[in-house]
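Structural overview
Residues per chain are reported as follows:
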Amino acid sequence: MVDVVDGLKAKLAEINSKMEELRREIVVLDDQRVAFETVIKVYEPGFELAASPSKTRRASSRETASGRVTELLKGRNNRHIVLDILRRSERPTTTAKIAEKFASEADLGSEAARLESALTSRFSATLNGLVKQGLVRQAGTADGRRHLWEISR
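Below, the structure is looked at part by part.

Scoring rules and cut-offs
Residues numbered from 1 in each chain as written. Predicted model: local features only at pLDDT ≥ 70, side-chain atom pairs only at ≥ 80, totals over all residues. Heavy atoms only, no water. Helix = DSSP H or I, 4+ residues; strand = E, 2+ residues; numbered from the N terminus. Contact = heavy atoms within 4.5 Å. Areas by Shrake-Rupley, 256 points an atom, 1.4 Å probe, with all protein chains shown as cover. Patch = residues over 30% accessible without salt bridge, like charges linked within 9 Å, V, L, I, M, F, W, Y side chains within 5 Å. Salt bridge = Lys/Arg side-chain N within 4 Å of Asp/Glu carboxyl O. Buried < 20%, exposed > 50% of the residue type's maximum accessible area, 1.4 Å probe, protein only.

Along its length, the protein carries five helices and three strands. Contacts spanning at least 24 positions in sequence make up 53% of the contacts within the protein whose residues lie at least 6 apart. Surface accessibility of the protein: about 11400 Å² in total, with carbon and sulfur atoms responsible for 54%.

Have a look at this one:
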């Protein structure tokens, strides 16, 4: 056990060292960027640098459906969620229906429709893993595109 903790401490020190190295590199690159902008402005006084990607406003993870789903599923086991819903289903069901059932049980209200696609995608990846483990099997298709899933027996 002590060897494991020592290994984790060593890895943490390595990560901290790498982060510090990257911070120093960012400072050097930022200084170079400022120097280039200064020289360009000498030759072209009206030059305005477009906003750098890091300074443009991005949607927070809470604003995106995928980020909200990540937040919603944090601390939960996707496998258990999917398997539980499949166990309670009376017949094979689609990934979209699993996502819909989860959204209903999680009482997402008006947010459910916005998150359904992201939930379906997340649960689809989970189902693929469960198929590889032999816990779930594909039981045909619903409309030629959507797969039906059920617990392997």
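Back to the write-up after that little detour.
Where nonpolar side chains cluster on the molecular surface, the patch consists of V39, V42 and Y43 and spans about 380 Å² of accessible area. Judged by its relative accessible area of 48%, V39 falls in the partly exposed class.

Let's shift gears to the pattern of salt bridges. In this structure the tally under the stated criterion is 12 salt bridges. R88 is paired through a salt bridge with D84; the nearest N and O atoms lie 2.9 Å apart. Note that R88 and D84 are positioned in helix α3 (residues 78-88) at a spacing of four residues, about one turn of the helix. With a relative accessible area of 34%, D84 lands in the partly exposed category.

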